Amino acid sequence: QVQLVESGGGLVQAGGSLRLSCAASGRTFSSRSMDWFRQAPGKEREFVAAISWNGVSTYYTDSVKGRFTISRDNAKNAVYLQMNSLKPEDTAVYYCAASEVLYRVVKTADQINYWGQGTQVTVSS
């Protein structure tokens, strides 16, 4: 079983930055890829970014490429999402997520088995 707890959300003006953190439980963290998803009001939950278990490979949805950076610290069982040049359309609840399958990167919600409680990010114009 994996438990995920996000932190770092808040209200920021357009063009600003936020850093989200996710603390994970369990001994298999370093064997598991990690994801960030987001869900805006009235919209489906969407993939934002993923990082492989060893941190070598990262993946982003097109709308955040060049602005967001996903990273991880396996010694701390933590994954991060640095968000720069934020736009109002980035407003959403952001979720840390993971699959139960080890050593595989997933990028769709139907492959996710573990979700955090979510953290609200609001970008004002």
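Structure shown above.
Residues numbered from 1 in each chain as written. Predicted model: local features only at pLDDT ≥ 70, side-chain atom pairs only at ≥ 80, totals over all residues. Heavy atoms only, no water.

This next bit is on the pattern of salt bridges. Scanning the model with the defined rule gives 4 salt bridges in all. In this structure, Arg 38 engages Glu 46 in a salt bridge whose closest nitrogen and oxygen atoms are separated by 2.6 Å. Overlapping salt bridges, with partners in common, bring together Arg 38, Glu 46, Arg 67 and Asp 90 in one network. (Salt bridge = Lys/Arg side-chain N within 4 Å of Asp/Glu carboxyl O.)

Bringing the pairing of strand E9 (residues 92-98) into the picture now. Most of E9 is tucked away, with 7 of its 7 residues classed as buried. The pairing of strand E4 (residues 34-39) with E9 spans 6 bridges and is classified as antiparallel. Bridged to Met 34 within E9 is Ala 98. Looking at chain direction, E9 and strand E11 (residues 119-124) are connected through 3 bridges and run antiparallel. Counted as the bridge partner of Val 93 is Gln 120 from E11. Alignment of E9 against strand E10 (residues 114-115), held across 2 bridges, turns out to be antiparallel. In the strand pairing of E10, Ala 97 is matched with Trp 115. (Buried < 20%, exposed > 50% of the residue type's maximum accessible area, 1.4 Å probe, protein only. Helix = DSSP H or I, 4+ residues; strand = E, 2+ residues; numbered from the N terminus. Pairing = 2+ DSSP bridges.)

Turning next to the nonpolar core. With 28 residues, the main nonpolar core has Leu 4, Trp 36, Leu 81, Met 83 and Tyr 94 as its most contacted residues. If we ignore the near neighbours within four places in the chain, the residues touching Met 83 are Gly 16, Ser 17, Leu 18, Leu 20, Arg 67, Phe 68, Tyr 94 and Val 121. Counting residues in hydrophobic clusters, the runner-up holds 6 residues, among them Phe 37, Phe 47, Val 106 and Ile 112. (Core = buried A, V, L, I, M, F, W, Y, C linked by side-chain atoms within 4.5 Å. Contact = heavy atoms within 4.5 Å.)

A word on the sheet that holds strand E1 (residues 4-7). Read from one edge to the other, the open sheet built from 4 strands follows the order E1-E3-E8-E7, with strand pairing classed as antiparallel. Lying at the two open borders of the sheet, with one neighbouring strand each, are E1 and strand E7 (68-73). This sheet shows a mean twist of 15° between the axes of neighbouring strands, independent of strand direction. Strand direction decides the pairing type here: E1 and strand E3 (residues 18-24), joined by 4 bridges, are antiparallel. By the bridge assignment for E3, Glu 6 is matched with Cys 22. (Axes fitted to C-alpha atoms, helices over the stretch in contact; angles between N-to-C directions.)

Let us look at the pairing of E7. Burial along E7 is one-sided: the face carrying Phe 68, Ile 70 and Arg 72 is buried and the face carrying Thr 69, Ser 71 and Asp 73 is not. Where E7 meets strand E8 (residues 78-83), 6 bridges bridge the pair, whose relative direction is antiparallel. Looking across to E8, one finds that Ile 70 is bridged to Leu 81. Taking the residues between adjacent antiparallel strands as the criterion, E7 and E8 are bridged by 4 residues, where Asn 77 takes a positive phi near 50°.

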